[in-house]
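A structural walkthrough
The chain contents come next:
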Amino acid sequence: MLKLSGRLPVLQNLNGAPYLATVTKDEHLAPNLKPTRALLMSEGMNPIGFKAILVKDHRRVSPGQDSDVFQLEEEFEYLSEGDIVQLDPSSGSMRCLYRRNSDHNTILLTEQCDHYCLMCSQPPKRIDDSWLLTEATELISRIPQETTCLGFSGGEPTLYGRAFIDLLTHTKTCLPMTAIDVLSNGRAFKDIGFARQYAAIQHPDLLIGIPVYSDDPVRHNYVVQSQGAFDETIRGILNLKSLNQRVEIRIVIHRQTVGRLVKTCEFIARNLLFVDHVALMGLEITGFTRPNLEALWIDPYEYKDVLSEAVGVLNSYGMHASVYNHQLCTVNSDIGGNYRKSISDWKNEYLDECRACSKVQDCGGFFSSSKRHKHSQYIKPFATP
Amino acid sequence: MSQFQAIERYQPTRPTYQLLPFRFTPLDEHQYVLTNLAGEYIVLDRPSLHEFLAHRLANADPAYIDLRARHFLMDESTAIAPTLLSLKLRTRYQRLAEFTGLHLFVVTLRCEHSCPYCQVSRRSQDTQRYDMTPEAANAALALAFRSPSKHIKIEFQGGEPLLNFPLIQTIVLEAESRNQALGKDLAFVIATNLALINDDILSFCHDHAILLSTSLDGPKDLHNVNRPRPGGDSYERTVRGITLAREVLGHDRVSALMTTTEASLSRVHDIINEYVVQGFKGIFLRPLSPYGFALKTRSYHAYNTERWLSFYRQGLDHIIERNRQGHDFTEYYASIILKKMFTSEDPGYVDLMSPAGIGIGAAVYNYDGSVYASDESRMLAEMGKDTFKLGHVLTHTYEELFTSPTLLDPLEESFAYSSPMCHDCAFEPYCGADPVYHYAMHGDFVGRKPESEFCRRNMETFRYLILKMENDPFAKRLFLQWANR
């Protein structure tokens, strides 16, 4: 697992307040760019003019530089040219917000949410964190146009209302070729006016992922811990699709949802056939899942036939369906066409026994959190064919 | 104390619920099938049905949860059902706004076959009398293109339409030319016995993307008994024609239909196997046509419905078993019904449409220029009842033909949702109004449902399909694929 944020020893603090900086190894950058860059310092480089300097060995920096100087520890050595970090020279906090070599960059827009899902991986906080939106706006301006895809997540990003629409508009302007995935509970779009604002962005490649955990409204509301959620989410999806917006339905499979998984897929095929994609996702053992693990955990191997049937329903209706976050040895081979390696690179790992597996290249592996806390009891390497 | 609430907290606070529109019909001795407005079904045993109807079903009961999720009831926890039901219903009926998509051109009544079950063909060389004239064809084409439908399918019928192939060529070229400005999705089909197919005809079909639909009644002996022609070689010519046509047009550009006769009833496995051998991916196990001999002797006909059902069940079971063994093969009548059971898409099969498919689903331009509301309508006319004759291509306007009481009255009167007994029938969403059949049998557009063989045959078929799925998970999975094929 990559550590995306942490605290670095501050060797020199000149700027005081936190800021974004793009990582570079190029000491010969144009002078007007250097004040926006953090130099990954190597022996013999001239760091003059850079906003910040990241050094591996503090002895290599002579005092009297006009930059903030951070000591880069081993766990952050993955940082490379073009990555974007937030640095706070007062506290030494460093957060890696964008990795240029990754297809799994997700920008957290808020930790506030009107749901309180049993298995939330990003437990909501009731604090004003609108600075995240401000930061995201600046971050988008810095991200290179050739970035193929980018995610926005929360919390619930639509709680920003118009400011969320403005961020997407800004994203379309700065990154017109980048595919954008937004994660939302969809409830805000029950307001057709808001859905129209969203549609009016006319983003060329925007997909909004919205969870529907059960065909039973009561069960969905229970999973998200919110009365009335089901109806509002469904109305939101209907409004978005009536405006030809691309919608993905996301179902996290756990003990509270697996019992009606097939019926939920039948419900989707029958009522929401026009959505663009359905993702059936394994449980990530982080956030609220850990205190609720007993109520949520079911070994994927135990529900593999249910998963096959659910996928079979969606495939029969010609819907685009994907299975995320599962290991090949815990699913039936009949879902092969829907199986995806989906776990974000920075939190994707394999077990020791996976080294002997002949299919490890095709396998999505584990969340780091699953490896650490809970995973299937049926992990078994495939023999070489 | 946990910061999370238990599921009971999200249940309605009051045990009351509201029934949404639905109907129920016995499925077998113990079970009932319930269907909602959109045609989704649920099977309940009698006690559960009673509890549900009496507003006594507990909200933690699995049946309650299914009924709520499938929009049979609404309670405090959700009010989305009317929105989703109306969306599905609108989707189901959206085809109506399209109006007529299928236009049948009877380019000649002449045929070199003399099949006893055919009511319309003539063994005649008299082209003057039995061929459609270019003037009539042109006028029919103008009418066909008046249809608001974005999809126009022109099907050439007979007799044997290849006996008047020059007219087919004229119509195809003229239709393509008219469509240049209109840009509709235009398709052509020739319903032919293939006995007269040759390279020139196939080359024209290839160049104009024309599909071929032929008749194959089963194995050689059965087919040749059913479909006599000079030389007694109908089967050989059909099979040779299928092979040739596939070579030129592509495998999937040739389809086949079978007609069930008395002689077929004991041979369903042979018939299916013939379709497998000939490389077809499915078969349409068609009911006996009531037009002709069966219509005149009603008791015989009633007897035949039972025998047809037995034929159909045997055939369907055989096909399911083939699929279970890994051979992909579809029964198309079931798949039409299953599409109605599992999707909001109307398959557009004329016999199972309500409002009826006459005129709306298809219109027939007969060889003599007269316009009929369906293929069965012109067969009925051949038997002396021209009730469904809408007019003539040369003397009537589009408005006169398609908004005349001759068409609108039977459409309105037969609409199943408001027909006696159909209105209460759980199978109404799957069924159709067939005013031509009921007029032929009972003398009015609605008919007497308890005596209707149409009714009996279809209700038993719906029951059989649902019971199959209830009892066999493999059949359920297979049928879901058929519904979406």
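The rules behind the values
- Residues numbered from 1 in each chain as written.
- Chains lettered and ligands numbered in written order.
- Predicted model: local features only at pLDDT ≥ 70, side-chain atom pairs only at ≥ 80, totals over all residues.
- Helix = DSSP H or I, 4+ residues; strand = E, 2+ residues; numbered from the N terminus.
- Rg over C-alpha atoms; globule rule 2.2 N^0.38 Å.
- Buried ≥ 20, exposed ≤ 12 C-beta atoms within 10 Å, placed from the backbone.
- Contact = placed C-beta atoms within 7 Å.
- Axes fitted to C-alpha atoms, helices over the stretch in contact; angles between N-to-C directions.
- Parallel < 35°, antiparallel > 145°, perpendicular 65-115°, else oblique.
- Nonpolar A, V, L, I, M, F, W, Y, C, P; charged D, E, K, R; others polar.
- Pairing = 2+ DSSP bridges.
- pLDDT = per-residue confidence, 0-100.
- Core = buried A, V, L, I, M, F, W, Y, C linked by C-beta atoms within 7 Å.

1. Topic: the overall build of chain B
Per the secondary structure count, chain B includes 19 helices and 15 strands. Scaling as 2.2 N^0.38, a compact globule of 485 residues should have a C-alpha radius of gyration of about 23 Å, and chain B matches this with 24 Å. With the C-alpha coordinates of chain B rotated into their principal frame, the extents come out at 90 × 50 × 50 Å. Taking all 485 residues of chain B together, 45% fall into the buried category. Taking contacts inside chain B between residues at least 6 apart in sequence as the whole, the part at least 24 apart equals 69%.

2. A closer look at the overall build of chain A
Within chain A, the secondary structure is distributed over 9 helices and 17 strands. Partitioning the contacts of chain A with sequence separation of at least 6, the portion at a separation of at least 24 is 71%.

3. Digging into the packing of helix 1 (residues 131-142) of chain A against helix 2 (residues 162-174) of chain A
Residue and element names in this part refer to chain A. Close contact between helix 1 and helix 2 brings their axes to 9 Å; oriented N to C, the two are set at 10°. One finds that helix 1 runs roughly parallel with respect to helix 2. Packed against helix 1, whose contacting residues are L133, A136, T137, I140 and S141, the element helix 2 presents A163, L167, H170, T171 and C174 at the interface. Looking at the contact of helix 1 with helix 2, its residues break down into 6 nonpolar, 4 polar and no charged.

4. Examining the interface of chain B and chain A
Contact with chain B, which involves 19 residues of that partner, is made by 25 residues of chain A. Counting residues per element, the ones that place at least two in the side of chain B that touches chain A are helix 2 (62-69), helix 3 (81-98) and helix 19 (473-483) of chain B. Its residues assigned to classes, the side of chain B that touches chain A comprises 9 nonpolar, 7 polar and 3 charged.

5. Here's the deal with the pairing of strand 8 (residues 93-98) of chain A
Residue and element names in this part refer to chain A. Where strand 1 (residues 5-7) meets strand 8, 3 bridges bridge the pair, whose relative direction is antiparallel. By the bridge assignment for strand 8, G6 is matched with M94. Note that strand 7 (residues 84-88) and strand 8 share 5 bridges and pair antiparallel. Counterpart to L87 in the pairing with strand 8 is M94. Hairpin remark: strand 7 followed by strand 8, antiparallel, with 4 residues in the connecting loop; positive phi at G92, about 85°.

6. A word on the sheet that holds strand 9 (residues 210-215) of chain B
Residue and element names in this part refer to chain B. Strands sit in the order 10-9-8-7-6-13-14-15 across an open sheet of 8 strands; the sheet is mixed. Edge positions in the open sheet fall to strand 10 (254-257) and strand 15 (389-392), since each of these has one partner strand only. The mean inter-strand angle of the sheet, taken between neighbouring strand axes irrespective of direction, is 25°. Sheet topology places strand 13 (residues 362-365) next to strand 14 (residues 370-372); 2 bridges connect them, and they run antiparallel. Its bridge partner lying in strand 14, V364 is registered against Y372.

7. Topic: the sheet that holds strand 7 of chain A
Residue and element names in this part refer to chain A. Strand order in the open sheet formed by 8 strands is 1-8-7-3-4-5-6-2, and the pairing between neighbours is mixed. Taken across any chain shown, the strands that pair with only one partner, and hence form the sheet edges, are strand 1 and strand 2 (10-12). Shown here is a sheet whose adjacent strand axes are inclined to one another by a mean of 30°, direction ignored. Of the pairings in the sheet, the one linking strand 3 (residues 19-24) to strand 7 comprises 4 bridges and is antiparallel in character. Its bridge partner lying in strand 7, A21 is registered against V85. On the sheet, helix 1 packs against strand 3, strand 7 and strand 8 and is oriented at approximately 25° with respect to strand 3.

8. Things to note about the confidence of the model for chain B
Predicted coordinates in regions of low pLDDT should not be interpreted in detail. With 97% of its residues at a pLDDT of 70 or more, chain B shows a mean pLDDT of 93. Interface confidence in the predicted complex, given as ipTM, is 0.93; pTM for the same model is 0.94.

9. Thoughts on the nonpolar core
Membership of the largest hydrophobic core comes to 223 residues, with the highest contact counts inside it found for L54, L280 and L314 of chain A together with F105 of chain B. Not counting residues within four places of it along the chain, the set of residues in contact with F105 of chain B comprises M132, A137, A140, I154, F156, Q157, I171 and Y365 of chain B.

10. Here we look at the environment of R122 of chain B
Residue and element names in this part refer to chain B. Among the secondary structure elements, R122 is positioned in the loop between strand 6 (102-106) and helix 4 (127-130). It is 23 Å that separates the C-alpha atoms of R122 and Y437, two residues lying 315 residues apart in sequence. Contacts of R122, omitting those with residues within four sequence positions, involve L109, R110, C111, Y130 and G159.

11. A look at the packing of helix 6 (residues 261-271) of chain A against helix 8 (residues 304-316) of chain A
All names here are of chain A. Following both chains from N to C, one finds helix 6 and helix 8 inclined at 10°, their axes separated by 8 Å at the closest point. Compared by their axis directions, helix 6 and helix 8 come out roughly parallel. Here L261, V262, C265, E266 and A269 of helix 6 come into contact with helix 8, specifically with V306, E309, A310, V313 and L314. For the contact of helix 6 with helix 8, the class distribution of residues is 8 nonpolar, no polar and 2 charged.

12. Details of the environment of M421 of chain B
Residue placement: M421 of chain B occurs in the loop between helix 16 (405-414) and helix 17 (435-442). Classification of M421 of chain B as partly exposed rests on a count of 15 C-beta atoms within 10 Å.

13. A few points about unusual backbone geometry
In this structure, G155 of chain A follows G154 of chain A across a cis peptide bond, with omega equal to 15°. Relative to the helices and strands, G155 of chain A resides in the loop between strand 10 (149-153) and helix 2. Cis rather than trans, the peptide bond between S354 of chain B and P355 of chain B has omega equal to 0°. One non-glycine residue with positive phi stands out, namely Q202 of chain A, at about 50°.

14. Quick word on the environment of T158 of chain A
Summarising the element assignment, T158 of chain A is placed in the loop between strand 10 and helix 2. What makes T158 of chain A buried here is the crowd of 24 C-beta atoms within 10 Å.

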